[in-house]
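The chain contents come next:
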Amino acid sequence: MANLCLAKKDKACAKLYVDSAKVLLQGSQNPELAVEALSQMAEIHKNNEDYKAAFEAMLWMDRYKDVFRNENIERISAEINEAAGAALREKEIESLNLANRLNESQLSKEKQVRMALLRESLLKDSAYANQARFLAALENESRLREGQLKREKELSQSLSRENALKQQLLNDERRNRNLLFLGLAAMGLLGAVIYLQYRKQHSNNGIIRKQSDELAVLNREIHHRVKNNLQVISSMLDLQSQSLQDANAKGVIKEAILRVQAMAFIHQNLYQDEAVSTVNMNEYIQILSDHLFKTYNIKTNKIQLHTQIESLKLHTDTAIPLGMILNELISNALKYAFKNREEGAIWVILKKNNQELLLQVKDDGVGLPQHFQLENTSSFGYEVIQAMAQKLRARLNIESCNGTDVQLLISKFKTTN
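Calculation rules
- Residues numbered from 1 in each chain as written.
- Predicted model: local features only at pLDDT ≥ 70, side-chain atom pairs only at ≥ 80, totals over all residues.
- Heavy atoms only, no water.
- Buried < 20%, exposed > 50% of the residue type's maximum accessible area, 1.4 Å probe, protein only.
- Helix = DSSP H or I, 4+ residues; strand = E, 2+ residues; numbered from the N terminus.
- Pairing = 2+ DSSP bridges.
- Disulfide = S-S within 2.5 Å.
- Phe/Tyr/Trp six-rings, centres within 6.5 Å; stacked < 30°, edge-to-face > 60°.
- Lys NZ or Arg CZ within 6 Å of the ring centre and 35° of its normal.
- Patch = residues over 30% accessible without salt bridge, like charges linked within 9 Å, V, L, I, M, F, W, Y side chains within 5 Å.
- Areas by Shrake-Rupley, 256 points an atom, 1.4 Å probe, with all protein chains shown as cover.
- Salt bridge = Lys/Arg side-chain N within 4 Å of Asp/Glu carboxyl O.
- Axes fitted to C-alpha atoms, helices over the stretch in contact; angles between N-to-C directions.
- Contact = heavy atoms within 4.5 Å.
- Core = buried A, V, L, I, M, F, W, Y, C linked by side-chain atoms within 4.5 Å.
- Left-handed = near helix turned anticlockwise from the far one by under 90°.
- Nonpolar A, V, L, I, M, F, W, Y, C, P; charged D, E, K, R; others polar.

A.B. asks: Can you help me understand the pairing of strand S7 (residues 404-410) in this one?
C.D. replies: The side chains of a regular strand alternate, residue by residue, between the two faces of the sheet. Buried residues dominate S7, accounting for six of its seven residues. Where strand S5 (residues 356-363) lies against S7, six bridges are found, and the strand directions are antiparallel. Within S7, the position partnered with leucine 358 by the bridge is leucine 409. Note: strand S6 (residues 394-400) against S7, seven bridges, orientation antiparallel. Across the sheet, asparagine 397 pairs through a bridge with glutamine 407, a residue of S7. What sits between the antiparallel neighbours S6 and S7 is a turn of three residues, in which asparagine 402 has the positive phi angle 55°.

The structure is reproduced here in structure tokens:
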């Protein structure tokens, strides 16, 4: 920091930092570090044109150098004394080892002399026994020669059999080698055929993937156009309804527009999703219900919608009729369940129930008429519900207790991963 202040030509700042360093250095126990620091301080005082302080720093540095030199001399003397003591101890140990080896050599020589005397007495005692054994050995040698001749004859016979076996093994090895070469050639040919088939299949797979991608793009385009066409039909029906004076006719056209919109939302979900035959039911039901609430001018803070939708992706064969049924049930609840009431609630539940798919739409409204029977109703909406339920091969159950509760149990439905 003092050097930085000098670079900025701020002498007062440089002196302040050098004085701080001087205070810190007074308690230093490291002579080497102190010498380095004092050298820098002297240079800084010199550059600051404070030659007296630079001279004091040099004197202080010399004192620390003397301390550092004395410490080094003491350390080197201690190391020399320690090394000399270690060398002396090694010499003493070496002399003791030499004396021990001399004693062991003397004892070994005495033991060898005793053993030599013992062997000499034993040799004298065994000389006569060796002569007797020599005669017996001559007799044994004659018998051994006869046995050796017999074994040599047997050995020659075994060698002839071994040569025959070796020749047979050579023939077998030559035949196995030829079979191995033929097998390797066949494997190489088979590998070449497999490689060619793999290349062909790889090329075919590339063509199939390309066609699949093109087909997916085409399907999304088709769904997009179908959605646009349904929107056009919906707009045309809306324009047509504006020219009608009959309220019932307007209501019928409005319901038809909602049914067309329900199918359009499905196609919208299809072209927006990666899988062109998959409908995300959670997103679809949310879009459909929001649209119906806006169409009937229902305030969500008055009539509340509660949903319990599992994360399901259904095939279009299941999703389209299910969407039509949902459109009719939610529309009926919004139109009829809360007459003369400002508040209420609608529940939409879609989940797997064991091996079946459960769709439940219920409300806490006024409920169905007292003598309502699904088979005898003339409502076109319930006819649509029955037709779609038959298409799904589903069981339909309607209850009217503290509101209307419609349950649809679908045993055969298609999902996609």
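A.B. asks: Whenever I open this one, the state of the cysteines confuses me. Can you help?
C.D. replies: A covalent bond between the sulfur atoms of two cysteines is referred to as a disulfide. Scanning the entire structure with this criterion turns up one disulfide. The side chain of cysteine 5 participates in a disulfide bridge whose partner is cysteine 13; the two sulfur atoms lie 2.1 Å from each other. Accessibility classification places cysteine 5 together with cysteine 13 in one group, the buried group.

A.B. asks: Help me understand the packing of aromatic side chains, please; the structure alone is not making it clear to me.
C.D. replies: We describe a pair of aromatic rings using the distance from one ring centre to the other and the angle between the two ring planes. Overall, the coordinates contain zero aromatic pairs when judged by the stated rule. Between lysine 362 and the ring centre of tryptophan 347, over which it is positioned, the NZ or CZ distance is 5.7 Å.

A.B. asks: I'm lost on a nonpolar patch on the surface in this one. Help?
C.D. replies: A surface patch of nonpolar side chains, about 450 Å² in accessible area, is lined by Leu180, Phe181, Leu184 and Met187. Of note, phenylalanine 181 is situated in helix H4 (residues 51-242).

A.B. asks: Sorry, what's going on with the sheet that holds S7 here?
C.D. replies: By definition, the strands of a sheet pair up through backbone hydrogen bonds, in either a parallel or an antiparallel sense. Taken in spatial order, the five strands of this open sheet run S2-S4-S5-S7-S6, and their pairing is mixed. The sheet is open, and its two borders are formed by strand S2 (303-309) and S6, each paired with just one other strand. For this sheet, the mean angle separating the axes of adjacent strands, direction not counted, is 10°. Contacts between helix H6 (residues 281-295) and the sheet are confined to S2 and strand S4 (344-353), with S2 contributing the most and set at about 170° to the helix.

A.B. asks: Explanation requested: the nonpolar core in the structure shown.
C.D. replies: It is characteristic of soluble globular proteins that their nonpolar side chains tend to be buried jointly. The biggest cluster of nonpolar side chains holds 42 residues, and the ones touching the most others in it are Met281, Leu322, Leu350 and Leu408. The set of elements that each furnish at least two residues to this core consists of H6, S2, helix H7 (316-336), S4, S5, helix H8 (380-392) and S7. Looking at this core element by element, the count peaks at nine residues for H7. Here leucine 350 is in contact with Met281, Ile285, Gln308, Ile309, Glu310, Leu312, Leu322, Leu357, Leu358 and Leu359, once residues within four sequence places are set aside. In terms of nonpolar packing, the next biggest core, distinct from the first, is built from 15 residues, Ala2, Ala34, Val35 and Met41 among them.

A.B. asks: Where do I start with the pattern of salt bridges in this structure?
C.D. replies: Oppositely charged side chains are able to pair whenever their charged atoms sit close together. As enumerated under the stated definition, the model contains six salt bridges in all. For lysine 166, the salt bridge goes to glutamate 162, with nearest N and O atoms at 3.6 Å. With a gap of four residues between them, lysine 166 and glutamate 162 both fall in helix H4, about one helical turn apart. The closest approach of N and O atoms between aspartate 172 and arginine 175, which form a salt bridge, is 2.8 Å. Taken together, the residues aspartate 172 and arginine 175, both in helix H4 and three residues apart, mark about one turn of the helix. A residue is classified by how much of its surface remains accessible, and arginine 175, at 44% relative accessible area, is partly exposed.

A.B. asks: Before we go on, may I ask you to explain the packing of H6 against H7 in this structure?
C.D. replies: A pair of packed helices is captured by two measures, namely the crossing angle of their axes and the spacing between those axes. One way to put it is that H6 packs onto H7 with a least axis distance of 10 Å and a crossing angle of 35°. The two elements H6 and H7 cross, and the hand of that crossing is right-handed. Packed against H6, whose contacting residues are Met281, Tyr284, Ile285, Leu288, Leu292 and Phe293, the element H7 presents Ala319, Leu322, Gly323, Leu326, Asn327, Ile330, Ser331 and Leu334 at the interface. The residue makeup of the contact of H6 with H7, split by class, is 11 nonpolar, three polar and no charged.

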